[in-house]
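Given next are the chains, with one letter for each unit.
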Amino acid sequence: MYYMEILVVRKVLYWLAALLAAAMAIVSWAIASSAHGAPHHIGSIPLAALMAGSTFVAAIIAMIFGCALARQNDGHLPMVWTRPVSRDRFALSVTLVHLAGIATAWVMTLAAALGVFAIFGALHAITMAGDVPVNAAVVGRMLLFPLAWYGLVLAITASTRGGAGFMAFGAWIVGSVLVGLDSSHLFSGASAIVINVIDHVNPLYYFSGHFDDSGRNESMVSNVDVAITGLAAIAVAGYAAALAQWRRLEA
């Protein structure tokens, strides 16, 4: 019953592997061709920064997987309803496949980034300390960010039969604009309050950073516990809303 999604996950991961291999080749060529050659002079690179990059890639993959119910709706729904299994159990089995794919995408991306450092013998430059040390709270925030996007995209596409990919991409664009408006303080009064309230259901609000007046990069939500709670709430609420919509399609 989840074979179709296994094929989707496998295809997406194949494409991701190809893109990561191409990116590694391009970056390695650029470094080797630079005036300084191999980066022996490189300073410390926080592992958290590499993990954050992997998290953004995993979030994009999660958005692709989040269109799953819309894919089932598009010409497959009558067959889905005839399967001798509850709708919730079917959705859960599909979700477990997606979670495995999202985790694999995260590991693949981080491995590719570390691979570039390994090629030039610069793994010693990677540190777990720095402004954002790697700890359980930071890791939890990174793991929940893709899941929040997965739940959000599921929620906004569960009732659709087409255009889910466009809606998922649009959600990222809207989320980016909201974060930009919220951090830039271009609006004041009621407008600023409305933007900030809407931004609280935006996964990027709990993960992205911005530059303050002094030029320092700061998180929109500096309290990691609050960020984890917000991301978890979006993931759970989005998933629940998606299931509620999907059940109604059978009526």
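By convention here, each chain's residues receive numbers from 1 onward along its written sequence. At least 70 in pLDDT is required for a residue's local features to be given in this predicted model, at least 80 for side-chain atom pairs to be given and counted, and no such filter applies to totals for whole chains, interfaces and linings, which use all residues. Excluding hydrogens and water, the side-chain values take into account all heavy atoms of the structure.

Visitor: Explanation requested: the overall build of the protein chain in the structure shown.
Guide: On a plain count of helices and strands, the protein chain comes out with nine helices and four strands. Order of helices (α) and strands (β) in the protein chain, N terminus to C terminus: α-β-α-α-α-α-β-α-α-α-β-β-α. For the protein chain, with 251 residues in total, the buried portion stands at 41%. Any two residues having at least one pair of non-hydrogen atoms within 4.5 Å are treated as being in contact. Considering only contacts within the protein chain whose residues lie at least 6 apart along the sequence, 80% involve residues at least 24 apart. Per the convention used, a helix needs a DSSP run of H or I reaching at least four residues, while a strand needs a run of E reaching at least two, with both numbered from the N terminus. Partly exposed residues are those whose accessible area sits between 20% and 50% of the maximum for their type, while under 20% is buried and over 50% is exposed, using a 1.4 Å probe and protein chains only.

Visitor: How do you make sense of helix α6 (residues 136-157) when you look at a structure like this?
Guide: Residues spaced three or four apart along an α-helix point in a common direction, a consequence of the helix completing one turn every 3.6 residues. With 22 residues, α6 extends 32 Å from end C-alpha to end C-alpha; this agrees with the ideal 32 Å at 1.5 Å per step. Between the side-chain oxygen at the start of α6 and the backbone nitrogen of alanine 137 there is a gap of 3.2 Å, and the oxygen is on asparagine 135. Multiplying one less than the number of residues by 1.5 Å gives the expected span of a helix. Polar contact is the term for a pair of N or O atoms within 3.5 Å; when the atoms are in protein, one must be able to donate a hydrogen and the other to accept it, and sequence-neighboring residues count only if both atoms are side-chain atoms.

Visitor: Mind showing me how you'd approach the side chain of histidine 98 here?
Guide: Structurally, the position occupied by histidine 98 is in helix α5 (residues 87-119). Classification of histidine 98 by relative accessible area gives buried; the value is 0%. Among the polar contacts listed, one links the side chain of histidine 98 to the side chain of tyrosine 150, at a separation of 2.6 Å.

Visitor: Looking at this structure, how should I read the packing of aromatic side chains?
Guide: Aromatic ring pairs: the centre-centre distance and the angle between the two ring planes describe each pair. Only centres within 6.5 Å qualify two rings of Phe, Tyr or Trp (six-membered ring in Trp) as a pair; their planes then separate them into stacked at under 30 degrees, edge-to-face at over 60, and tilted for everything else. This structure, assessed with the given rule, holds seven aromatic pairs. Each ring, one from phenylalanine 56 and one from tryptophan 172, has its centre 6.1 Å from the other, and the planes form 70 degrees; the classification is edge-to-face. Here tryptophan 172 lies in helix α7 (residues 164-184) and phenylalanine 56 lies in helix α2 (residues 47-65), a separation of 116 residues in the sequence. A relative accessible area of 17% means that tryptophan 172 is categorised as buried. On the basis of an interplanar angle of 70 degrees and a centroid distance of 5.2 Å, the ring pair of phenylalanine 56 and phenylalanine 207 is categorised as edge-to-face. Of this pair, phenylalanine 56 sits in helix α2 while phenylalanine 207 sits in the loop between α8 (189-199) and β3 (209-211), placing them 151 residues apart in sequence. Relative accessible area serves as the criterion here: at 27%, phenylalanine 56 is assigned to the partly exposed category.

Visitor: Got a minute to help me understand the packing of α2 against α7 in this structure?
Guide: Axes are the key here: two packed helices are described by the angle between their axes and the distance separating the axes. A fitted line through C-alpha atoms represents every axis, and for helices the fit uses only the stretch in contact; the resulting angles, taken between N-to-C directions, go from 0 to 180 degrees. The geometry of α2 relative to α7 is characterised by a closest axis approach of 10 Å and an angle of 140 degrees between their N-to-C directions. Between α2, through Phe56, Ala59, Ile60 and Met63, and α7, the contact on the second element is made entirely by Ala168, Phe169 and Trp172. Lys, Arg, Asp and Glu make up the charged group, whereas Ala, Val, Leu, Ile, Met, Phe, Trp, Tyr, Cys and Pro make up the nonpolar group; the residues left over, Gly among them, are polar. Of the residues that constitute the contact of α2 with α7, the class distribution is seven nonpolar, no polar and no charged.

Visitor: So what exactly am I meant to see when it comes to the layout of surface pockets here?
Guide: Which parts of space are left empty comes out when a probe the size of a water molecule is rolled across the atoms. Every definition here rests on a 1 Å grid over the protein atoms only: cavities are sets of points where a 1.4 Å probe fits but cannot get out, pockets are open sets enclosed by protein on both sides within 12 Å along at least five of seven lines, and lining residues have some atom within 4 Å of a point. Grid points are joined across faces, edges and corners, and a volume is the space filled by probe spheres set on the points. Reported here for the second largest pocket is a volume of approximately 200 Å³. Every residue lining the second largest pocket is listed: Leu20, Ala23, Met24, Val27, Leu50, Gly53, Ser54, Thr109, Ala112, Ala113, Val116 and Phe117. Put simply, the parts of the chain that give the lining of the second largest pocket at least two residues each are α1 (3-33), α2 and α5. The greatest single-element share of the lining of the second largest pocket, amounting to five residues, is contributed by α5. Classifying every residue of the lining of the second largest pocket gives nine nonpolar, three polar and no charged.

Visitor: Help me understand the packing of α7 against α8, please; the structure alone is not making it clear to me.
Guide: Remark: α7 packs on α8, axes separated minimally by 9 Å, with the N-to-C direction vectors making an angle of 135 degrees. In terms of orientation, α7 and α8 fall into the oblique class. As for how α7 packs across α8, the hand of that crossing is left-handed. For the pair formed by α7 and α8, the contact residues are Leu178, Val179, Leu181 and Asp182 on the first element and Ile195, Asn196, Ile198 and Asp199 on the second. Looking at the contact of α7 with α8 residue by residue, the class counts come to five nonpolar, one polar and two charged. Convention used here: angles under 35 degrees read as roughly parallel, angles over 145 as roughly antiparallel, angles from 65 to 115 as roughly perpendicular, and any remaining angle as oblique. A crossing counts as left-handed when the near helix is turned anticlockwise from the far one by less than a right angle, and as right-handed when that turn is clockwise.

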